[in-house]
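# Observations on the model geometry
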Amino acid sequence: MCKNYNVIEQPGHAPIKAWTKGVPFEEEAQQQLRNIASMPLVHSHIAVMPDVHLGKGATIGSVIPSVDAVIPAAVGVDIGCGMVATKTTLTASQLPDNLSAIRHAFEAAVPHGRTSGRGRSRDRGAWHNIPEIVAGEWVKLQTRFERICAKHPAIKKTNNVNHLGTMGTGNHFLELCLDENNAVWIMLHSGSRGVGNRIGTYFIELAKKEMQRHQINLPDMDLAYLEEGSEYFDDYVEAVEWAQDFAAKNREIMMFNAIAALRKQLPIEFSTAELAVNCHHNYVSRERHFGKDCFVTRKGAVRAKKGEMGIIPGSMGARSFIVRGLGNPDSFNSCSHGAGRVMSRTKAKKIYNVDDQIKATEGVECRKDASVIDEIPHAYKDIEHVMEAQKDLVEVVYTLKQIVCVKG
DNA sequence: ATGTCC
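Residues numbered from 1 in each chain as written. Chains lettered and ligands numbered in written order. Predicted model: local features only at pLDDT ≥ 70, side-chain atom pairs only at ≥ 80, totals over all residues. Heavy atoms only, no water.

So, about the domain arrangement of chain A. Annotation of chain A at the domain level lists domain 1 (6-342 + 380-407) and domain 2 (343-379). The C-alpha-based centres of domain 1 and domain 2 are spaced at 23 Å. In this assembly, 20 residues from domain 1 lie in contact with 20 residues from domain 2. The junction of domain 1 with domain 2 conceals about 1600 Å² of combined surface from both sides, 46% of it contributed by carbon and sulfur atoms. Per-residue buried area on domain 1 facing domain 2 is highest for M316, R341 and Y380; these three make up 38% of the total on that side. Linking R341 and E375 is a salt bridge whose minimum nitrogen-to-oxygen distance equals 3.7 Å. Inspection of the region where domain 1 meets domain 2 yields 11 residue pairs in polar contact (both at pLDDT 80 or more). When residues of the side of domain 1 that touches domain 2 are traced back to their parent elements, those giving at least two are α3 (100-109) and β18 (394-407). No other element matches the six residues that β18 contributes to the side of domain 1 that touches domain 2. In terms of residue class, the side of domain 1 that touches domain 2 is made up of seven nonpolar, seven polar and six charged. (Domains from an automatic or database assignment. Contact = heavy atoms within 4.5 Å. Buried area = accessible area lost by both parts, 1.4 Å probe. Salt bridge = Lys/Arg side-chain N within 4 Å of Asp/Glu carboxyl O. Polar contact = N/O pair within 3.5 Å; in protein donor to acceptor, adjacent residues only side chain to side chain. Helix = DSSP H or I, 4+ residues; strand = E, 2+ residues; numbered from the N terminus. Nonpolar A, V, L, I, M, F, W, Y, C, P; charged D, E, K, R; others polar.)

In this section: the sheet that holds strand β2 (residues 16-18). In spatial order, the strands read β1-β2-β3-β4-β12-β11; together these six strands make up an open sheet with mixed pairing. Where the open sheet ends on each side, the last strands, each with one partner, are β1 (6-8) and β11 (282-289). Strand-to-strand, the axes of this sheet are offset by a mean angle of 25°, without reference to chain direction. Sheet analysis places β2 next to strand β3 (residues 46-53), joined by three bridges and oriented parallel. Paired with I16 across the bridge in β3 is I46. Packing of helix α1 (residues 27-37) onto the sheet brings it into contact with β1, β2, β3 and β4 (60-66), and relative to β3 it is tilted by some 160°. With respect to the sheet, helix α7 (residues 233-265) is in contact with β11 and β12 (292-299), its orientation differing from that of β11 by roughly 115°. (Pairing = 2+ DSSP bridges. Axes fitted to C-alpha atoms, helices over the stretch in contact; angles between N-to-C directions.)

Turning to the packing of α3 against α7, a few remarks are in order. For the pair α3 and α7, interaxial distance at closest approach is 9 Å and the crossing angle is 145°. Read as a crossing pair, α3 and α7 show a hand that is right-handed. Judged by residue contacts, A101, I102, A105, F106 and A109 of α3 engage N257, A258, A261, L262 and Q265 from α7. Split by residue class, the contact of α3 with α7 holds eight nonpolar, two polar and no charged. (Left-handed = near helix turned anticlockwise from the far one by under 90°.)

Another point: the environment of D220. With respect to the secondary-structure elements, D220 resides in the loop between α6 (193-213) and β9 (226-227). D220 has contacts with N35 and G57, leaving out every residue within four places of it along the chain. Side-chain polar atoms of D220 contact the backbone nitrogen of D222, separated by 2.9 Å.

Time to look at the environment of Q215. Within the secondary structure, Q215 is located in the loop between α6 and β9. Taking the relative accessible area as the measure of exposure, Q215 reaches 69% and is therefore exposed. (Buried < 20%, exposed > 50% of the residue type's maximum accessible area, 1.4 Å probe, protein only.)

Below you can see the structure in the form of structure tokens.
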């Protein structure tokens with residue numbers, strides 16, 4: 001039978017199954033994946049999604065199943081980063097012609113940008129808004145966090161309370177979108193902010209020290225792993241699961257606040273009950289594949305079990321997709337997390353200007369200044385090609401086009 | 001992606 005993926009094989013190592021037909025696949029990313037596939041902890045094979053590109057530690061767009069061990073740098077530092085999308089009962093005709101008031105209401109309701117140091121500092125301070133409906137759950141999260149910090153006080157050096165309900169920077173965003181039937185959606189991309197970053201970097205360092213202590217040689221020190229039964233393994237799993245829960249709750253709060261902000265802007269009532277999806281794309285989870293219990297690390301990949309809903313966003317000017325998983329076992333039930341970059345932020349800023357960005361984001365109510373050129377759609381792969389390359393992983397349920405975009 | 005250091 002004709003498979004929709006390419007296979008990269010190395011003698012004695014796990015194969016790499018890559019859903020990259022018709023999309024760019026850099027040689028540097030392939031080498032990084034060969035390094036990962038050479039590690040004995042890999043179960044069965046590695047799966048590569050069509051938005052693949054070079055990352056720090058692990059490749060973005062990779063799915064790594066491991067037995068009795070995890071690679072903290074494969075999860076990365078934005079632990080639990082992911083997407084949430086909610087369909088509303090509103091339609092396009094119920095929105096005002098000029099969307100700038102809605103954009104400004106979103107910007108006010110969802111703190112975004114850098115917390116300190118250089119940059120715009122728009123989310124500085126505790127002016128975020130934790131809705132009452134999640135206040136109890138937040139207390140539970142805090143209790144769990146205290147327990148982790150009691151064992152690893154270095155993690156506590158973070159401003160985690162002030163970050164709940166805040167979006168962050170870079171490719172994190174909040175959008176108002178229309179689907180193919182002109183229904184209005186709210187969609188958001190964010191993660192575990194400073195606290196997840198602290199947990200990630202802390203355990204990546206511990207894993208490296210473990211490698212040195214046991215004199216284990218790796219093709220790349222960023223592939224340092226923690227073995228089940230060793231000193232830090234359980235604590236990492238506990239902390240990473242906590243950061244994932246923090247990230248999901250963070251998105252839920254921002255979605256709540258964005259909906260409330262939209263309500264204040266419109267003279268009509270609407271509801272949001274019909275469909276909401278909240279999924280991680282940087283995370284690790286315990287799953288069973290090919291007859292073995294293992295840890296599955298998805299770095300820039302979304303779980304797509306049969307019938308499971310996911311979100312695959314395009315870039316600032318491109319379409320996004322609400323998808324339903326097809327449960328493809330060779331992909332470990334996964335799909336891509338977006339379009340995937342084709343060039344670095346530095347390169348995008350060098351070769352494109354504000355005029356290019358204005359043209360690429362025509363019809364979108366968003367910032368179009370020099371600060372967002374690194375997010376120009378040209379810096380990403382063509383999302384249509386990316387979707388074509390994974391048609392045996394997911395089916396498209398809704399196609400969204402943004403009309404308002406708030407970038408972090 | 002993040003916060004802090006130069």
